[in-house]
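What follows is each chain in one-letter form.
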Amino acid sequence: VLRDDLILRRIPQGCVNVGQSGTAIRARDEEMAVTGQSAPASFEEELGELLVARGKLDRAALDRARRIRESSSDTLDQLLPKLGLASERDVAQAIADRLGLQLAEARGFPDEPVLEDRLSPRFLREARVLPLADRADGLLVAMANPSDAYALDALRLISGRAVVACVAVPGEIE
């Protein structure tokens, strides 16, 4: 999807280009509006249903995680691996597929830090982000949560460039 009026633009590499004027957090709903689809009740519900449909999580386990989620500050994508109900990789792959993003592979991570002089290790660790490359189309980053508007905006402001986001398995970027 490439439209001038959208904040989010898909690029051939399967990552998301977050331009100078916005974030990816509204991307899914905007894309659905463009295609005429109705928005789901919540991304977490959709993620859980996708994992069940793929056989990566059974219905009872999803119901258990939802009950625990009600009294937890963790999101469903964080809870499922913590509870041992789904692997981090399966959850990350489901997020990537649902958002139409590429899943970054650890073997593609850079040997040397990217923009080391401008991005603090503490920020990267807390935001669960790993810069992969500084490319012509923007700063390519692997993110545990590619909908983290704060991290996307901070990266855009610090780098002065568009941010191209891919999904990462959290344990691989920590």
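Here, the structure is the one placed above.
Report follows, based on the coordinates. Everything numeric in this text was worked out from a predicted model, so none of it was measured.

The rules behind the values
Residues numbered from 1 in each chain as written. Predicted model: local features only at pLDDT ≥ 70, side-chain atom pairs only at ≥ 80, totals over all residues. Heavy atoms only, no water. Phe/Tyr/Trp six-rings, centres within 6.5 Å; stacked < 30°, edge-to-face > 60°. Helix = DSSP H or I, 4+ residues; strand = E, 2+ residues; numbered from the N terminus. Axes fitted to C-alpha atoms, helices over the stretch in contact; angles between N-to-C directions. Parallel < 35°, antiparallel > 145°, perpendicular 65-115°, else oblique. Left-handed = near helix turned anticlockwise from the far one by under 90°. Contact = heavy atoms within 4.5 Å. Nonpolar A, V, L, I, M, F, W, Y, C, P; charged D, E, K, R; others polar. Core = buried A, V, L, I, M, F, W, Y, C linked by side-chain atoms within 4.5 Å. Buried < 20%, exposed > 50% of the residue type's maximum accessible area, 1.4 Å probe, protein only.

With that out of the way, let us pick up the packing of aromatic side chains. The description of two aromatic rings rests on the distance between their centres and on the angle between their planes. Summed over the entire model, instances satisfying the criterion amount to one aromatic pair. With 6.4 Å between their ring centres and 65° between their planes, Phe 123 and Tyr 150 make a pair best called edge-to-face. With Phe 123 in helix H6 (residues 121–127) and Tyr 150 in helix H7 (residues 149–159), the pair connects residues that are 27 residues apart, well separated along the chain.

Here we come to the packing of helix H2 (residues 43–53) against helix H3 (residues 59–70). Contact geometry of H2 with H3 gives a least axis separation of 10 Å together with a crossing angle of 155°. Classed by the angle they form, the pair H2 and H3 counts as roughly antiparallel. Seen along the crossing, H2 lies across H3 with a hand that is right-handed. Side by side, H2 and H3 meet where Glu 44, Glu 45, Gly 48, Glu 49 and Val 52 of the first sit next to Arg 59, Leu 62, Arg 66 and Arg 69 of the second. Split by residue class, the contact of H2 with H3 holds two nonpolar, one polar and six charged.

One finds Leu 51, Leu 57, Leu 80, Val 91 and Val 167 to be the most contacted residues of the largest nonpolar core, which totals 21 residues. Elements with a contribution of two residues or more to this core: H2, H3, helix H4 (76–82) and helix H5 (88–99). Leave out the neighbours within four places in its chain, and Leu 57 touches Gly 48, Leu 51, Val 52, Leu 62, Leu 80 and Leu 85. Residues Leu 124, Met 143, Ala 154 and Ala 165 belong to the second largest nonpolar core, which totals 16 residues.

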